[in-house]
Each structure stands twice: as structure tokens, then as C-alpha cells.
Amino acid sequence: MQLPTRILFLLATSLPLCAQTQGGARPSAFAKATADRPGSTSETVVLEPLRVTADLWAAPLARIPASVTVYDEAALRAGAVRHFGDLVDQIPNLTWTGGTSRPRYLQIRGIGENSQFEGETPDAAVRFLVDDLDFTGLGMIGGAFDVQQIEVLRGPQAGAFGANAAGGVVRLVTHAPTPYWTGRSELTVGGDSLLTGGFAVGGPLVAAKSEELMMRFAVQQSQSDGFRRNLTLSRDTNARDEFTARLRLTWNPNTTWRWEAAVLAADYANGYDEFALDNNGRHTFSDQPGADTQQSLAASLRGTYRGWEGVRFTTVTSGSRTRSRYAYDDDWTAASYRGFSDLHRQRWVVNEELRLDSETSATAGWINRWTLGAFFSAIDETTRYTNTDPGNVRGLKTTYHSANTALFGQVSHEFSPRTRLVAGLRLERIDLDGDGTKTRFRASPGTFDPVVVIRPSFHDTLAGGKIALEHDVSEHELVFVSVTRGYKAGGINVDARIDPTADPLTYGTETLWNCETGLRGHWLGQRLTGEFTAFYLRRQDTQVRDSAGFGGNYRFFTDNGHGSHVYGLEAAGAYALTKDWSVRGSLALLRSALDPFMLVNGNIGGGRDLANTPHYGYTLGTRYGTATGFFANADLVGRARQFDSNNQNEARRAFHVVNASAGYTWQRWTLTLWVKNLLDGEYDKRVYFFGNEDPDYIETRYETRADPRQIGLTAVCRF
């Protein structure tokens, strides 16, 4: 294992820096450089308000006319958040589907995919970004180390992101380079043999011109056992071994250009062995344990030009390559039919965006602010899948290529200094093609079945946009109402195991109409802050993922049902009882219905709630702490039952979980004792209903449990 060596190297590199900045030690050049940075004196520092960057127009959180949740660095630290997966149950109307080593498949208000098994294409309805890097459908690498804030925008974001944001957007914003040297070192130990080390440093690369060329580098390595023990093999076959490194550069060559570059490398070599026929939740019995790995390399380049009067030009280029493996023991035992599934993927993603934005508000005319832009995206994915048992080797190869080209714009008009109208439009062309090849080798006669090949394609032109009316009730209250037209692009089915005479090769575009009204603001001298959003979402030609088969042999496809709707509310608030003690909470209410439908192959469904739409979700929390000294944090998180998919009627059970932390901060050090799932509650993170036990393969409920109680200790040094 490379993990202990990597962590020791990180600590050996950073701890001397921490020691040199303590009282009584001779300050190093590094310490002298940090002494002049903002916030290094005892003077009161006025913090900048939180800004939401995932919207088309970045804006302070208090002024954005949308349903949004933002966790800043203080909230992430207080909650001992190590990965985005630690937050997903706390964010109103954001859900996730298990069946992977880390949350990867996200849904917002019930919109989003819940799997990408063999033959399923990389469609995604929730955009997942790390800065300007696009990891949509690949949220597994959402580590929270050196992350400045996490943003979640709910509802269709057609204007800004188009086809891949029908549900909403999740964005992790990492720490940007600074013109002064700063950094942090972190070590975490905990239950489940958790061991994590992280190191981050940033500052100017040209001492004489501190703002000309700046960098920020962060690296983290983590390992744990995965809360499962394989009794057949007597080892931890569900373990996690995760490495992430990020580099950000900012270059200001002159007064008109600003360039920002980012590189991310991740290597998640996790096991996957979670299910057992007896649903015990803690032990597994497979003799061929699986894997859930992801190796990603991504880069982006953002350029901003301000050489034209009143107009800003922005170009954002990004690209990524991801290789992944998802494998599992089909029968979950050392006996039975002894099947093993092994899926390898390689995905390339390239994005380019060009934008013109008004820099100043117009003093005359109808348009006070405007944006005009163009966007191009290409995804190429190839997969190789084998399913092996003693008598057969079944193979499935697929290729998938998509090209999206879009034009978009947004304008605002001020009826008065307190009332604004915002309108946006996006036109998008999508071209998809792919193929699937099915093979089968029969061991007993030593022969191959005839090869089956399918080559579907799909093309469509999509239109979406929004219109919103905003009104400042006062200097600290904003109300808004909006109507948005979003879309989930149609697509292709490349699983060559489907029956082309009955199962669909393509499926159509889904249209979404979303109506929202909301209020956000602060009162009582900013001691009370809150937001409230009510919405109604109508979906036309609802896309439904389906499957057929038993044991380890399935075929997967997507088709269109009829209509569906979702409505509800999202609310959050916080109240400062004293300067150091606050309480907070959030509430999500959701109701949905999927109209009865019959697919072209005769499968029926609907007539019940949509998948991933729990009727309620809530958080209740309290936080105590000062800039230095003792601090404590506790949260109660709850969710109602929810269906895991639209093609079976088993639901995950309702649950509530308590998380807590306490610690002490002095000088540059912070020590935090934290506990996840304090009451050690048992609840589901994925439910299946199918036949997997021979000889009769009777359809049965199978479930995998969320993580049990875990206690840990985190030490952080900032320098």
C-alpha cells in the first residue's frame, strides 16, 4: 500500500512549517511572507458575503433569485465534512442512489439518474462541477479537502447549462491562489481504520509582483476499510483507497487579461462488496469481490479580457479523461451460479464556452444588463463488459458519442431600483450516435453465438429559458417569482442485449416546466436569516430507465412514459442566540406523481410517487464556538421513505441520523473530535427487488445499508 508513505510524506513536509510559525520559534521566510497577509493581524476583518458562482450570473447568496444551498468553509469544518457524500442527506430535496463506493448518482426534486450499468449511456440531469471542471455523472471524486464552499442550485438550469442540468447543479469551489503565502496540513484518524492526510499551500510565484503569478496546490490521501468484512475471504473487500491532487494557477500579465488554469488528478481504487443474500448489512460472503475505481485527469483554462469599454469577454476551456472499473460478484456467495460482472469504461469530455457580458449597467434603454454566449461539448465513452460463469463468457462492447452546440443569452430590465425582470433563452443542438456489440462464448461446446450489433442515433434541437421577476422588499429582503422551461435531451440505447423488435433503440426529449416563488433575507440586525421557496414542476414525456432479466443477466434501456409532476417547498434558516451560539434548520416537503404508462415493449408502470422524492426531509442543528477556544456542533438529519427506481415498488425506509463534533482552536491549530451516525442507526442506501438466489430465483428485497457509527479525530494546522 502506498497510503502510509504518502501521508507520512505530507506530514513531514508540512509540520515544520506549522512549528516555525508558533510563538518562540524563529520565523522562517515563509512565516514572514504570511505575516502580512489579510487577516493576520488582530484587527477586525469584515468577511465578504457568500457568493453563488454556479448560476449564469454570480451573485451574493442573499440576492440570488433561486432555491440554493451553500456550505462555506466554516460549515464544512464544523460538520467534519470529508466528502460531498457526507452532505447529501442534509441538502433539501437532493437525493442520491447507492450501489457504488461513493455517491455518484444524484437527483434533485426527483430528477436524475440512479445508475449507469453496462449498456446505459452517460446521460445526467444534475451537473457536477469542481471549479470549471466537468465531472457530471462522476461525483465519486467529490472530496472536500481545501474546498472553499459547496453550492447546490435546485430546479432546471437551462440558461446556464442546458441539457445536463434539468434537475440542477452541484459545484465545489476550491480555494483560489492568493497574493500572499498560506496553507494547511491535516491529519484524520478514526473508526473503520480511517487514515487521511492532506496538505495545501499557495501564494505568489513572483515575489516582486505578488499578484502577477499565483498558485495553489492541494493533495490528499485517504484509506478506510469500508464498513464490511468478507467472511469467505477473511478480509476487507469493500475498502477505500483515495488520492486527489489539485493545482490552480492565476496569471495577470497586464491590466486587461486574467488567466486562470486548473489541473486535477484523482485515483480512487475502492473495493465494492456490499450485498448479501441475508441483508445483514455488515458481512459479505462473495468469493469474487468487486471493485469501484476511478482515475481522472482534468484541466481547465479560463481567460477574462476587459480591454473593451463596458464589455467583458470570457473563454472557458476544459477537458477530462476518466477511466473506471465497476465489478461485482453476481451471486454474492461462494456457491450458487458463480457469476461475475466486470465493466471497464473510458470517458473523454471536452467543453468550450465563449461569453460576452456587460460590465456596467446601462443608463438608458430597456436592457440594463446582458450576457451573450456560445457553448460546445463533446463526450466520447467506450465500455467493455464481461459476465462470466462456469459455462459462459458474455461480452458487451459499446461506444457513445455526443456533441452539443448551444447559443444562450440573458438580459435584465430594471422597472425601478428595487424591481427587476430577468429573461434568458438557450437554443441547443444535440447529436448522438453509438453502437453496441453482444458476444457469447459457451464453454461446454467451445463455440461462439452469432455476434449481435446495434447502431442507434438521435438528433434534436432543444429550447429552454426562464423569466424571473425580482423585488427588493427592503434592503435586506428579496422576493422573486420565476418560470423556467428546461429539458432532458433524448438519447440512444446501446445495450445490444435488448430486443430491437420490442425494446426502444432511442427515446425522446423530456420537457420540464418549473414555477417558483421565494423569499430570502435577514432580520433582527442579521441575527435571523432565512429563505423559503415553493415550486411546481411539470414533466412531459418523462424518461424512465427500465431493465429486464434475473440473476446476473439483465438488459437495460430508457424509454418515455407519459407525464409526471412534483411540487413542494424548500426552507432554511438560522438564528444567532448569542454572538457565539446559533441554531439552524432546514425543511423540504415534496409530493410527486408518475402518470400510469405502458412502454413500447409492453412494460407498465406509474400510478405512484416518482422515485427519489421523499415526502419530507429536515435538519436541526446547533453550533457554538469562537474564533479561538472551544467549539461544538450537532445536527439531526431526517428523511422520509423513498422509491429507488421507477420500475419496482420497493422503497428505502425513513431514517434520522445524529452527527456531532467538538474541538478546540488555538494559535494555528484546530483539533476536532467528531462522530457520524451517533446513535448507530440502520438505514438503506440502495434497495433492489429481483431474484438472485437459486434454485428458484424468487423475487426478493435486497438492501445495502448506509455507514454505521464512526468516531474520528482531525488535527489541522494553518500556516
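Our structure is the block above this text.
Presented here is a report on the structure given in the accompanying data block. Since the structure is predicted, the reported quantities are computational estimates derived from the model, not experimental observations.

1. Quick notes on the overall build of the protein chain
Right, so step 1: The helix and strand tally for the protein chain stands at 4 helices and 45 strands.
Right, so step 2: At 26 Å, the protein chain has a C-alpha radius of gyration in line with the 27 Å of a compact globule built from 719 residues.
Right, so step 3: With respect to the principal axes defined by its C-alpha atoms, the protein chain has extents near 80 × 65 × 45 Å.
Right, so step 4: The buried share of the protein chain, taken over its 719 residues, is 55%.
Right, so step 5: Within the protein chain, contacts between residues at least 6 apart in sequence are counted, and of these 67% link residues at least 24 apart.

2. Re the packing of aromatic side chains
Right, so step 1: Scanning all chains against the criterion turns up 22 aromatic pairs.
Right, so step 2: Here the aromatic rings of W257 and Y305 are separated by 5.0 Å at their centres, their planes lie at 45°, and the arrangement is tilted. In this pair, W257 sits in strand β15 (residues 257-272) while Y305 sits in strand β17 (residues 290-308), placing the two residues 48 residues apart along the sequence.
Right, so step 3: When its relative accessible area of 25% is taken as the criterion, W257 is described as partly exposed.
Right, so step 4: Connected via pairs of aromatic rings, a cluster forms that spans F117, Y272, Y326, Y328 and F556.
Right, so step 5: Its guanidinium or amino end placed over the ring of F535, R109 lies 3.8 Å from that ring's centre, counting from NZ or CZ.
Right, so step 6: Over the face of the ring belonging to W57 we find R369, whose NZ or CZ atom lies 4.1 Å from the ring centre.

3. Focus: the environment of T314
Right, so step 1: In this fold, T314 is placed in strand β18 (residues 311-329).
Right, so step 2: Taking the C-alpha atoms as reference, T314 lies 5.6 Å from G303; in sequence the two are 11 residues apart.

4. Describing the environment of G139
Right, so step 1: In this fold, G139 is placed in the loop between β7 (133-134) and β8 (147-154).
Right, so step 2: Not counting residues up to four positions away in its chain, the partners in contact with G139 are H83, P103, R104 and F128.

5. What to know about unusual backbone geometry
Right, so step 1: A cis amide bond links D694 with the next residue in sequence, P695, at an omega value of 15°.
Right, so step 2: In this model, D146 sits at a positive phi of 60°, which is unusual for a non-glycine residue.
Right, so step 3: Topologically, D146 is positioned in the loop between β7 and β8.
Right, so step 4: Positive phi values are uncommon outside glycine, yet Q526 reaches one of about 70°.
Right, so step 5: Along the polypeptide, Q526 turns up in the loop between β29 (510-523) and β30 (528-540).

6. A closer look at the side chain of R608
Right, so step 1: As for its position among the elements, R608 is in the loop between β36 (604-605) and β37 (616-625).
Right, so step 2: The side chain of R608 sits in the buried core without any salt bridge; D609 is the nearest counter-charge, 6.9 Å away.
Right, so step 3: A distance of 2.7 Å separates the side chain of R608 from the backbone oxygen of Q648, its partner in a polar contact.
Right, so step 4: If sequence neighbours within four positions are ignored, R608 has contacts with A593, L594, F643, S645, N646, Q648 and N649.

7. Some words on the nonpolar core
Right, so step 1: Core analysis: the largest hydrophobic core is formed by 30 residues, its most contacted members being F84, L106, F128, F135, V170 and L172.
Right, so step 2: Elements with a contribution of two residues or more to this core: α3 (73-78), β4 (94-97), β5 (105-108), β6 (126-130), β8, β9 (168-174) and β15.
Right, so step 3: Excluding residues that lie within four positions of it along the chain, F135 makes contacts with F128, V130, I141, L264, S296 and A298.
Right, so step 4: One finds A54, F161, A406 and F408 within the second-largest nonpolar core, a separate group that totals 19 residues.

8. Quick notes on the pairing of β37
Right, so step 1: Direction of pairing for strand β34 (residues 581-594) relative to β37: antiparallel, over a ladder of 9 bridges. Bridging across to β37, S582 finds its partner in R623.
Right, so step 2: Bridging between β37 and strand β38 (residues 629-639) involves 9 bridges; their strand directions are antiparallel. For G625, the partnering residue across the bridge sits in β38 and is F631.
Right, so step 3: Linking two consecutive strands that pair antiparallel, namely β37 and β38, is a turn of 3 residues.

9. Focus: the pairing of strand β20 (residues 369-389)
Right, so step 1: As paired strands, strand β19 (residues 340-358) and β20 are joined by 18 bridges and run antiparallel to one another. Paired with L343 across the bridge in β20 is Y385.
Right, so step 2: Examined bridge by bridge, β20 and strand β21 (residues 392-416) share 21 bridges and lie antiparallel to one another. For T388, the partnering residue across the bridge sits in β21 and is V393.
Right, so step 3: Remark: 2 residues form the turn of the hairpin made by β20 and β21, two consecutive strands paired antiparallel.

How each quantity is defined
- Residues numbered from 1 in each chain as written.
- Predicted model: local features only at pLDDT ≥ 70, side-chain atom pairs only at ≥ 80, totals over all residues.
- Heavy atoms only, no water.
- Helix = DSSP H or I, 4+ residues; strand = E, 2+ residues; numbered from the N terminus.
- Rg over C-alpha atoms; globule rule 2.2 N^0.38 Å.
- Buried < 20%, exposed > 50% of the residue type's maximum accessible area, 1.4 Å probe, protein only.
- Contact = heavy atoms within 4.5 Å.
- Phe/Tyr/Trp six-rings, centres within 6.5 Å; stacked < 30°, edge-to-face > 60°.
- Lys NZ or Arg CZ within 6 Å of the ring centre and 35° of its normal.
- Lys, Arg positive; Asp, Glu negative; His and termini not counted.
- Salt bridge = Lys/Arg side-chain N within 4 Å of Asp/Glu carboxyl O.
- Polar contact = N/O pair within 3.5 Å; in protein donor to acceptor, adjacent residues only side chain to side chain.
- Core = buried A, V, L, I, M, F, W, Y, C linked by side-chain atoms within 4.5 Å.
- Pairing = 2+ DSSP bridges.

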